[in-house]
Amino acid sequence: MPVVLLVEDEATLLGLVAQHLESEGFRVIQASNGDTALELARREQPDVCVFDVMLPGLDGLSLCRILRKESEVPIILLTARGAEIDRVIGLESGADDYIVKPFSLPELVARVRAALRRAPKPHGDRLLCGDVSLDLAARRVYLSDQEVKLSHKEFELLATLMRNKGAVLSREFLITQVWGYDFDGDPRTVDVHVRWLREKLEKDPSHPQRLQTVRGVGYRID
Ligand code: CA
């Protein structure tokens, strides 16, 4: 069941929207101010966020900017007519969509469903290892949110290690996974690629914290 974090300080509207979303098959977490919302977003990891722009405490736009740095959760802003829309669009808060009040409940549900369909899949498509994040679908790698450019083989090698996080993988295994069964080159090519990966991902590549050599066996990522 998809989880929606709904943040609105008008109690009647909050109750109404929450009830409707629940009747449409969503689990709804509610907050009536920005600070509680931020705490809930971090703790509960909702699938979609719906924030009113004008909130007591942290407002919807600030909330949006903070969360956008931490996750890719889709965010829909609820905004009043007029000047506020310009702020919502103009400030590049990182919101995915906005809905102008007053809105119909079916419209909101449709927008929430659309946001969910566009959302990157949190499981399956993305591998995490500390501050390294690998997006299998987009073939991109991030180190603390900064994209790291990898060659095709470096990417495959990292993906293989991350899929088996914590396990020691032999050179032979890595070769068949990354270079294929018919590879007849130098097995030390694995070591060379590991070195390149360390140069891109480790603070101090000569004392790796992440990509470990297990002497006589192979490599492991932690
Ligand atoms: Ca409000």
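Points about the environment of Arg27
Right, on to step 1. Looking at where Arg27 falls in the secondary structure, it is placed in strand S2 (residues 27-31).
Right, on to step 2. For Arg27, a relative accessible area of 41% corresponds to the partly exposed category.
Right, on to step 3. Once the C-alpha coordinates of Arg27 and Lys149 are considered, the two residues, 122 residues apart in sequence, prove to be 38 Å apart.
Right, on to step 4. Residue contacts for Arg27: discarding those within four places in its chain leaves Met1, Pro2, Val3, Val4 and Glu44.

Observations regarding the nonpolar core
Note on soluble globular proteins: their nonpolar side chains tend to be buried together.
Right, on to step 1. Formed by 24 residues in total, the largest nonpolar core has its most connected members in Leu134, Val141, Leu158, Leu161 and Met162.
Right, on to step 2. Of all the secondary-structure elements, those providing two or more residues to this core are strand S6 (126-129), strand S7 (132-135), helix H6 (152-163), helix H7 (171-178), helix H8 (189-201) and strand S12 (218-221).
Right, on to step 3. With six residues, H6 is the largest single contributor of residues to this core.
Right, on to step 4. Among all residues touching Met162, those that are not within four sequence positions of it are Leu127, Leu128, Cys129, Val132, Leu134 and Ile221.
Right, on to step 5. With 20 residues, the next largest nonpolar core counts Val7, Ala41, Val53 and Leu63 among its residues.

Quick notes on H8
Residues spaced three or four apart along an α-helix face the same direction, because each turn holds 3.6 residues.
Right, on to step 1. With 13 residues, H8 extends 18 Å from end C-alpha to end C-alpha; this agrees with the ideal 18 Å at 1.5 Å per step.
Right, on to step 2. Where H8 is buried, its residues contact strand S8 (140-143), strand S9 (146-148), H6, H7, strand S11 (211-214) and S12.

Here's the deal with the coordination of the calcium ion
Under ideal tetrahedral coordination, the four donors around a metal are separated by 109.5 degrees; under ideal octahedral coordination, the six donors are separated by 90 or 180 degrees.
Right, on to step 1. Bound to the calcium ion on the protein side are Asp9 (OD), Asp52 (OD) and Met54 (O), at distances that span 2.1 to 2.4 Å.
Right, on to step 2. Written as a sequence motif, the donor residues of the calcium ion are D-x42-D-x1-M. Of this pair, Asp9 sits in the loop between strand S1 (3-7) and helix H1 (11-23) while Asp52 sits in strand S3 (residues 48-52); the two residues are 43 residues apart in sequence, bridging distant segments of the chain.
Right, on to step 3. Judged by its relative accessible area of 3%, Asp52 is buried.

Some points on the sheet that holds strand S10 (residues 169-170)
Right, on to step 1. Reading across from one edge, S10-S12-S11 is the order of the three strands in this open sheet, with antiparallel pairing throughout. Looking along the sheet, the strands with just one partner apiece sit at the ends: S10 and S11.

Re the packing of H1 against helix H5 (residues 105-118)
For any two helices packed against each other, the geometry is given by the interaxial angle and the distance between the axes.
Right, on to step 1. The interhelical angle for the contact between H1 and H5, taken along N-to-C directions, is 60°, at an axis separation of 10 Å. For the element pair H1 / H5, the angle class is oblique. For the element pair H1 and H5, the recorded crossing hand is right-handed. Along its contact with H1, which presents Leu16, Val17, His20 and Leu21, the element H5 presents Leu105, Pro106, Leu108, Val109 and Val112.
Right, on to step 2. Counted by class, the contact of H1 with H5 contains eight nonpolar, one polar and no charged residues.

What to know about the domain arrangement of the protein
Right, on to step 1. Examined at the domain level, the protein breaks down into domain 1 (3-118) and domain 2 (126-221).
Right, on to step 2. Once you take the C-alpha centre of each, domain 1 and domain 2 turn out to be 38 Å apart.

Observations concerning the pairing of S12
Right, on to step 1. Relative to S12, S10 runs antiparallel, the two being bridged by two bridges. Residue pairing for S12: Leu169 is matched across the bridge by Tyr219.
Right, on to step 2. Note: S11 against S12, four bridges, orientation antiparallel. In the strand pairing of S12, Val214 is matched with Gly218.
Right, on to step 3. Between S11 and S12, which pair antiparallel one after the other, the connecting turn spans three residues, and Gly216 there sits at a positive phi close to 80°.

Cut-offs applied
- Numbers given to residues run from 1 along each chain, matching the order in which its sequence is written.
- The predicted nature of this model means local features are confined to residues of pLDDT at least 70 and side-chain atom pairs, given and counted, to a pLDDT of 80 or more, with totals for whole chains, interfaces and linings taken over all residues.
- Only hydrogens and water are set aside when side-chain values are computed; all heavy atoms of the structure are taken into account.
- Under the scheme used here, helices are H or I runs from DSSP no shorter than 4 residues and strands are E runs no shorter than 2 residues, and both carry numbers assigned from the N terminus.
- Burial classes follow relative accessibility: with a 1.4 Å probe on protein chains only, a residue under 20% of its type's maximum area counts as buried, one over 50% as exposed, and anything between as partly exposed.
- Between two residues, a contact is recorded if the distance between any of their heavy atoms is within 4.5 Å.
- Here the nonpolar core consists of buried residues drawn from Ala, Val, Leu, Ile, Met, Phe, Trp, Tyr and Cys, with membership extended through side-chain atoms lying within 4.5 Å.
- Given a helix with a known number of residues, its expected span is that number minus one, times 1.5 Å.
- For Na, K and Ca the donor cut-off is 3.2 Å, while for other metals it is 2.8 Å, and in both cases only N, O and S atoms qualify; water is not among them, so sites may look incomplete.
- One bridge is not enough; two strands pair if DSSP finds at least two bridges between them.
- Interaxial angle, 0 to 180 degrees, is taken between N-to-C directions of lines fitted to C-alpha atoms, where a helix line uses only the stretch in contact.
- Here the word oblique covers every angle except those under 35 degrees (roughly parallel), over 145 (roughly antiparallel) and from 65 to 115 (roughly perpendicular).
- The crossing is said to be left-handed when, going from far helix to near helix, the turn is anticlockwise and less than a right angle, and right-handed when the turn is clockwise.
- When residues are sorted by character, Ala, Val, Leu, Ile, Met, Phe, Trp, Tyr, Cys and Pro go into the nonpolar class, Asp, Glu, Lys and Arg into the charged class, and all the rest, Gly among them, into the polar class.
- Note that domain bounds follow an automatic or database assignment of domains.

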